[in-house]
Amino acid sequence: MAAVNSVGIADFESAKVQKDNVSSKRHSNDIESSHVVISEETTAGVIDRAAEKALCRKFDFRLLPVLAIMYLFNALDKGNLGNAQTAGLSKDLHFGPGQYNQIVGIFFVPYVLFAPPIAMLGKKFGPARILPLLMFCFGSFTLLTATTTNFGGIFALRWFLGVAESGFFPLVIYYQTTFYRRGELARRLAIFYAASNIANAFSGLLAFGVFQIKSTLVDHPWRWLFIVEGSVTVCFSIFAFFYLPRSAAEARFLNEEEKALAYRRIQIDSSSIVNEKFVLKDSLRVFKRPTTYGFLIIEICLGVPLQAVALFLPQIVQRLVDDTVTINLYTVAPNVTGAVMLLVLAFASDSLRIRFPFVCLGFAFTFIGFIIYAAIQDVHAQIRVAYFATFMMCWGTSAPSVLLSTWYNNNVAHEGERLTLTSVGVPLANLMGLVASNVFQERDAPKYTPALITTACFGATGCLAAGSLGLFMLWDNKRRNRRQGVNLTAKDVPTLQLRDGPRVAEFRWFL
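Residues numbered from 1 in each chain as written. Predicted model: local features only at pLDDT ≥ 70, side-chain atom pairs only at ≥ 80, totals over all residues. Heavy atoms only, no water.

J.: Describe the overall build of the protein chain, with residues and values.
T.: Scanning the protein chain from terminus to terminus reveals 19 helices and 2 strands. Burial statistics for the protein chain: of 511 residues in total, 60% are counted as buried. Intrachain contacts of the protein chain at a sequence separation of at least 6 include 82% that bridge at least 24 residues. Counting every atom, the protein chain has about 20100 Å² of accessible surface; 64% of that belongs to carbon and sulfur. (Helix = DSSP H or I, 4+ residues; strand = E, 2+ residues; numbered from the N terminus. Buried < 20%, exposed > 50% of the residue type's maximum accessible area, 1.4 Å probe, protein only. Contact = heavy atoms within 4.5 Å. Areas by Shrake-Rupley, 256 points an atom, 1.4 Å probe, with all protein chains shown as cover.)

J.: Would you mind going over the environment of Glu417 in detail, with residue names and values included?
T.: Position of Glu417 relative to the elements: it lies in helix α17 (residues 415–431). With relative accessibility at 1%, the residue Glu417 sits in the buried group. For the pair Glu417 and Phe278, spaced 139 residues apart in sequence, the C-alpha separation works out to 9.1 Å. If sequence neighbours within four positions are ignored, Glu417 has contacts with Asp282, Ser283, Arg285, Val286, Arg289 and Val412.

J.: Report on helix α7 (residues 151–165), specifying residues and quantitative values.
T.: Taking 1.5 Å of rise per residue, 15 residues should cover 21 Å, and α7 covers 21 Å from first to last C-alpha, within 8% of that figure. Against α2 (64–86), α3 (89–92), α4 (99–105), α5 (108–125), α6 (127–145) and α8 (168–177) lie the buried residues of α7. (Expected span 1.5 Å × (residues − 1).)

J.: Explain the pattern of salt bridges residue by residue, including any values.
T.: Should the charged atoms of two oppositely charged side chains come close, the side chains can pair. All told, the structure shown has 15 salt bridges when counted by the stated rule. The residue Arg181 makes a salt bridge to Glu52 at a minimum N-O spacing of 2.8 Å. Taken together, the residues span a long stretch of sequence, with Arg181 in the loop between α8 and α9 (182–210) and Glu52 in helix α1 (residues 49–62) at a distance of 129 residues. You'll find Arg181 and Glu52 in the same group, each marked buried. Residue Glu415 is joined to Lys123 by a salt bridge in which the shortest nitrogen-to-oxygen separation is 2.8 Å. Taken together, the positions of Glu415 in helix α17 and Lys123 in helix α5 put the pair 292 residues apart, joining distant regions of the chain. Across the pair, Lys123 and Glu415 agree in class, each one buried. Among the ionic contacts, a cluster of salt bridges with common partners joins Glu52, Arg181, Glu184 and Arg265. (Salt bridge = Lys/Arg side-chain N within 4 Å of Asp/Glu carboxyl O.)

J.: I'd love a proper account of the packing of helix α15 (residues 356–375) against helix α16 (residues 383–410), names of residues and values included.
T.: In the contact formed by α15 and α16, the axes pass within 7 Å of each other and the chain directions differ by 155°. Considering their axes alone, α15 and α16 lie roughly antiparallel with respect to each other. The interaxial crossing formed by α15 with α16 has left-handed handedness. When its residues are assigned to classes, the contact of α15 with α16 shows 19 nonpolar, 6 polar and no charged. (Axes fitted to C-alpha atoms, helices over the stretch in contact; angles between N-to-C directions. Parallel < 35°, antiparallel > 145°, perpendicular 65-115°, else oblique. Left-handed = near helix turned anticlockwise from the far one by under 90°. Nonpolar A, V, L, I, M, F, W, Y, C, P; charged D, E, K, R; others polar.)

J.: Report on the environment of Ala115, specifying residues and quantitative values.
T.: Position of Ala115 relative to the elements: it lies in helix α5. Given a relative accessible area of 0%, Ala115 falls into the buried group. Discounting residues that sit within four places of it in the chain, Ala115 has contacts with Pro110, Ser166, Gly167, Ser423 and Pro427.

J.: Describe the packing of aromatic side chains, and please don't skip the residues or the numbers.
T.: All told, the structure shown has 29 aromatic pairs when counted by the stated rule. Where Phe73 meets Phe236, the ring centres are 6.2 Å apart and the plane angle is 45°; that geometry is what we call tilted. Taken as a pair, Phe73 in helix α2 and Phe236 in helix α10 (residues 222–243) lie far apart in primary sequence, 163 residues in all. Given the relative accessible area of 11%, Phe73 is considered buried. Exposure remark for Phe236: the relative accessible area of 16% places this residue in the buried category. Geometrically, the ring pair formed by Phe236 and Phe239 is tilted, given 5.4 Å between the ring centres and 55° between the ring planes. A residue pair is termed a helical-turn pair when its members lie 3 or 4 positions apart in one helix, as Phe236 and Phe239 do in helix α10 at 3 residues. (Phe/Tyr/Trp six-rings, centres within 6.5 Å; stacked < 30°, edge-to-face > 60°.)

J.: Lay out unusual backbone geometry in plain terms, naming residues and giving numbers.
T.: Phi is positive for Arg353, close to 55°, though the residue is something other than glycine. Assignment of secondary structure puts Arg353 in the loop between α14 (332–352) and α15. Classification of Arg353 by relative accessible area gives partly exposed; the value is 27%. One non-glycine residue, Tyr448, lies in positive phi territory at about 55°. On the secondary structure map, Tyr448 appears in the loop between α18 (433–439) and α19 (449–484). Accessibility expressed as a relative area gives 7% for Tyr448, which makes it buried.

J.: Tell me about the packing of α5 against α17, and name the residues and values.
T.: Between α5 and α17, the least distance of the axes is 8 Å, while the angle of their chain directions is 165°. Here α5 lies roughly antiparallel to α17, going by the angle between them. The chirality of how α5 crosses α17 is right-handed. Contacts between α5 and α17 involve Phe108, Tyr111, Val112, Ala115, Pro116, Ala119, Met120 and Lys123 from the former and Glu415, Leu419, Thr420, Ser423, Val424, Val426, Pro427, Leu428, Asn430 and Leu431 from the latter.

J.: Describe a nonpolar patch on the surface, listing the residues and the values that go with them.
T.: A contiguous nonpolar surface patch, about 320 Å² in accessible area, is contributed by Phe136, Ile238 and Phe242. Locating Ile238 in the fold gives a position in helix α10. Residue classification places Ile238 among the partly exposed residues on the basis of a relative accessible area of 45%. (Patch = residues over 30% accessible without salt bridge, like charges linked within 9 Å, V, L, I, M, F, W, Y side chains within 5 Å.)

J.: Help me get a handle on α15, residues and values and all.
T.: Helix length check: α15 (20 residues) gives 29 Å between terminal C-alpha atoms against 28 Å at 1.5 Å per residue, within 8%. For α15, the full list of buried residues reads Phe356, Phe358, Val359, Cys360, Gly362, Phe363, Phe365, Thr366, Gly369, Phe370, Tyr373 and Ala374.

J.: Hey, could you go over the side chain of His220 for me, with residue numbers and the actual values?
T.: Along the chain, the position of His220 falls in the loop between α9 and α10. Since its relative accessible area comes to 18%, His220 is described here as buried. There is a polar contact of 3.3 Å between the side chain of His220 and the side chain of Asp92. (Polar contact = N/O pair within 3.5 Å; in protein donor to acceptor, adjacent residues only side chain to side chain.)

J.: A description of the environment of Pro65 should follow, citing residues and the corresponding values.
T.: One can find Pro65 in helix α2. In sequence terms Pro65 and Ala195 are 130 residues apart; their C-alpha atoms lie 9.6 Å from each other.

J.: Tell me about the side chain of Thr366, and please be specific about residues and values.
T.: Note on placement: Thr366 falls in helix α15. Residue classification places Thr366 among the buried positions, given a relative accessible area of 0%. In this structure the side chain of Thr366 is engaged in a polar contact, spanning 2.9 Å, whose partner is the backbone oxygen of Gly396. Beyond its immediate sequence surroundings of up to four residues, Thr366 is in contact with Pro305, Met392, Met393, Gly396, Thr397 and Gly459.

Everything listed is a geometric property; what it means functionally is a separate question.
Below you can see the structure in the form of structure tokens.
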């Protein structure tokens, strides 16, 4: 075995994949085949369990709370339009037919167009600097929304809000992959993404409270919602700019041995080259892989139910409630349980080191929830069943989003390719907000039957697509093992060998 220092950093310099023509004297623990020999020192296993747990705890306490709060405000500033609508936004700004759907939908056009270039800038200058700047911008646009007096003003601000938020989620995912191993990532992203569910729940409570404000300073109560949320977002972005470390190597809360351990962990179980310089030509090679398009199809299927719940849950719940003041309160419990289900599935996925069955389960929740709600004719006669269906909607949209992003990040060791795929996949899912915003038509209120059925169909298709892709990966892993005469899984091969992805003989899919 290689030597280990005081924090458990193995000397991996001599660990290599050896060809068959090398000496036949092999370690008894080596995995042999007619093509490759992978020594136990070259696997992506734990270097030193106690040291790694201590390091992860530091990352968890220093990074995750700040990132979660940042994403909470990101989700608040994106989704507060639905809350404002229940307080009469369209009526107060004299919207014409279909204009509310337009201001909801226009957000997603720049969100998709600008996500890749902004994410690439984040790779070049560092997520720790670009993320707070993006936060400052979308907080400022939220503040300015409080001053709008007509459709044109709020339409323009929603466009710029889409630009500012476009690269945020892809950059946060990439940022976390530079601190955590592949098998540690889902639960951390889940904790981070749970902030979105909490934001949706909190936005209902906040909107309920803000709409009670009686003040002559503004003409309509919904303006206070944008003022409060925008102001806090801007203030927190300034703190985050000075707090977030550029990388583990520059983290002030780590000593030198911990920095070395952090680097080695990412090299063997996340990236092929740590902190590799971004080269666009190399990064675009990810689109030469057929599986990339499988992931993107699943993102499309995820986007419609995800955005339907994020943007229109208050309108869906409105069918259950006679008192318009309490509509937002009824969105709290489904969103909170959505966050809980997300954490349960993500922790289970990390524990078992498998993704696709849990992605399929989330899509199944989505399909069942929307179908049940659409099938109920008299919601007041079956109000418990109808309300439970809204819980299933939230269960099914949260978990697949995190686990899908984790799934394809786990299978791309090249940092540039990983960031490029994420910066296309995540916005593509959000682009489906255009579909959601156009199928939920006011003429279908309060039942929204066509929208509910359409959303359920996307959930069913996503379940089939994720299952098919997962089964292909399972089959391909077995095929590679048969060809080499070994029994390897993704955890047996260090990512430093996998820069070229599936073209490498030792590559194994992270299922």
